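Listed here are the chains, written in short residue letters.
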Amino acid sequence: QVQFVESGGGLVQPGGSLRLSCAASGFTFSSYIMNWYRQAPGKERELVATIIPAGSSTKYADSVKGRFTISRDNAKRTVYLQMNSLKPEDTAVYYCNARIDSRHYWGQGTQVTVSS
């Protein structure tokens, strides 16, 4: 079964940093695009970052461009999201995601709260 286990969330002050990790299992990790999404209360889930299987190309939402970096380690079957210069509007539950055989799979999510 496809599984994602996110970690690294927490409470951080504006301007701070966090690194999220997503450990994947149950599929051929190195063959799939991986994504990070986030969802804040009252808002739609939004795509934050995406990375191709080889890790050589990435894309970011405009709201996080220049502050967040997605990366992956295929040997460890793990995708990361380095989050720098955090803002209160980054507060959300962050989810690891992949589309496998036309179905979206999600982790449980990890809470990121940016507040002073």
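These numbers come from a predicted model, not from an experiment. (Residues numbered from 1 in each chain as written. Predicted model: local features only at pLDDT ≥ 70, side-chain atom pairs only at ≥ 80, totals over all residues. Heavy atoms only, no water.)

1. Focus on the pattern of salt bridges
Counted only if it meets this: Just to be clear on terms, a salt bridge is a Lys or Arg side-chain nitrogen sitting within 4 Å of an Asp or Glu carboxyl oxygen. For each residue, the accessible area found with a 1.4 Å probe, counting protein chains only, is set against the maximum for its type, and the residue is called buried under 20%, exposed over 50%, and partly exposed in between.
This structure, assessed with the given rule, holds 4 salt bridges. A salt bridge links E46 to R38; the nearest nitrogen and oxygen atoms lie 2.6 Å apart. By relative accessible area, E46 is classed as partly exposed at 27%. With relative accessibility at 5%, the residue R38 sits in the buried group.

2. Remarks on the nonpolar core
Threshold: Residues grouped as a nonpolar core are buried Ala, Val, Leu, Ile, Met, Phe, Trp, Tyr and Cys residues, joined through side-chain atoms within 4.5 Å. Here a helix means four or more residues in a row that DSSP labels H or I, a strand means two or more in a row labelled E, and each is numbered from the N terminus. In this description, contact between two residues means that some pair of their heavy atoms is separated by no more than 4.5 Å.
In terms of nonpolar packing, the biggest core is built from 29 residues, with M34, W36, V79, L81 and Y94 touching the most fellow members. Only β3 (18-25), β4 (34-39), β5 (46-51), β7 (68-73), β8 (78-83), β9 (92-100) and β11 (110-114) provide two or more residues apiece to this core. Here this core takes 5 residues from β9, the largest share from any one element. Not counting residues within four places of it along the chain, the set of residues in contact with V79 comprises L20, S21, C22, F29, M34, W36, I51, I70, S71, R72 and C96.

3. Some points on the pairing of β8
Strand residues, when the strand is regular, have side chains that alternate between the two faces of the sheet. Definition in use: Strands qualify as paired when DSSP identifies two bridges or more between them.
Across the 6 residues that make up β8, a large majority, 5, are buried. Examined bridge by bridge, β3 and β8 share 6 bridges and lie antiparallel to one another. Its bridge partner lying in β8, L18 is registered against M83. Relative to β8, β7 runs antiparallel, the two being bridged by 6 bridges. Opposite R72, over in β8, you have V79 as the bridge partner.

Function cannot be read off these values alone, since they describe shape.
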